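# Observations on chain architecture
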Amino acid sequence: MPMRAIWTGSIAFGLVNVPVKAYGATEDHDIDLHQVHDKDGGRIRYERRCEVCGKKIAYKDLDKAYEDGERTIVLTDEDMDALPAEKSREIEVVQFVPASQVDPLMLEKSYYLQADSKSPKAYELLRRTLQDTEKLAVVRFALRQKTRLGILRVRSKVMVLQAVMWADELRDAEAVAPEKSPRISEQELKMSASLVDQYSSDFTPDEFQDDYQVQLQALIEAKIEQGEDLDTEATFGSPDQGSESGEVIDLMEALKRSIDGRKAKAPAQTDEDGKAPAAKKPAAKKPAKKTAAKKPATKKATAKEASSSPHKKKASGSGKKSA
């Protein structure tokens, strides 16, 4: 489906005005599940019901409210729309900074910005400036009834607006830091660095896949084929037992075994030039359109592409949307 603009406004760069449209830069690939009653499969739906009168309330009749412990202060849509920041349709550039100064922990959702003008010269000028100076533009903007901080950066031939958390929204890391740091020997650091070196390579996102979603798709297809007679162990294999929980392992021995194990795999993972071959990306499966029906199995679903994972002997007919 073609992307739909979620916001229209302009970038204010000094006295330069750059009209733009914003599009969501990411999308969720999770299989959509809903909740049903485990007894009869009936769809579970949520209602907006008033605690005072007990009536079911339509969305158009909802207002927001703030409670200070004693009173409830109701804020209508008209009240919210009156806020000056909410009316702004401008992305204001406030400074330019090196990318290294922006903590990745602060970064939130990203939006592609498209030039919204018959003459996109101003857009291209700002994009090229960001690219050539290798700087990020720190900006302020309003979106969906919130004033936000953000950065502008370049991706391919477009600019990306990425929302940034406010400083007071970040929790202090010291709150979870250990009271006393354990002693690390030079030999342990050396062996750990050696293991890191063996795992080091260029980041290639296409080599990774969401194993849970692949397994969930296999489960749905097996359920369609076999109904309630589905044997999850036959579909996914026996669960791995793994190591016992809480097992204490000597750190030096664990590092040594990890390094030796990585070395043993190295010849099979490199080609003649010593480069790691790109992993093949599994073919995407089309979402199942049939409804699960109980019928005799004609063949076993193997789901070879799904890795071994713990499952119950019988699959439940109810589903919850995965996180």
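Overview of the structure. (Residues numbered from 1 in each chain as written. Predicted model: local features only at pLDDT ≥ 70, side-chain atom pairs only at ≥ 80, totals over all residues. Heavy atoms only, no water.)

So, on to the sheet that holds strand S9 (residues 158-164). Within the closed barrel, the 7 strands sit side by side as S1-S2-S6-S9-S8-S7-S5. Their pairing is mixed. Along the sheet, successive strands turn relative to each other by an average axial angle of 40°, direction set aside. (Pairing = 2+ DSSP bridges. Helix = DSSP H or I, 4+ residues; strand = E, 2+ residues; numbered from the N terminus. Axes fitted to C-alpha atoms, helices over the stretch in contact; angles between N-to-C directions.)

What follows is about helix H5 (residues 211-226). In a regular helix each residue adds 1.5 Å, so 16 residues correspond to 22 Å; H5 covers 22 Å between its end C-alpha atoms and thus fits that length. Of the residues making up H5, those classed as buried are Gln213, Val214, Gln215, Leu216, Gln217, Ala218, Ala222, Lys223, Ile224, Glu225 and Gln226. Residues of H5 that are buried in the fold lie against helix H6 (232-236). Looking at the residues trailing H5, positive phi occurs at Gly227, about 65°. (Expected span 1.5 Å × (residues − 1). Buried < 20%, exposed > 50% of the residue type's maximum accessible area, 1.4 Å probe, protein only. Contact = heavy atoms within 4.5 Å.)

A few words now on the environment of Leu75. Relative to the assigned elements, Leu75 resides in strand S4 (residues 72-75). With 10 residues separating them in the primary sequence, Leu75 and Ala65 have C-alpha atoms 5.5 Å apart. Filtering out sequence-adjacent residues up to four positions away, Leu75 remains in contact with Asp63, Lys64, Ala65 and Met80.

For the rest of this paragraph, the subject is helix H3 (residues 121-133). Compared with an ideal rise of 1.5 Å per residue, which puts 13 residues at 18 Å, H3 spans 18 Å between its outermost C-alpha atoms and is within 8% of the ideal. Buried within H3 we find Tyr123, Leu126, Arg127 and Leu130. Summarising the axial view, the buried residues of H3 lie within an arc of 100°, below the 170-degree limit, and thus occupy one face. For H3, the exposed residues lying more than 90 degrees away from the buried face are Lys121 and Asp132. The positive-phi residue at the C-terminal boundary of H3 is Glu134, with phi of around 55°. (Arc of directions from axis to C-beta.)

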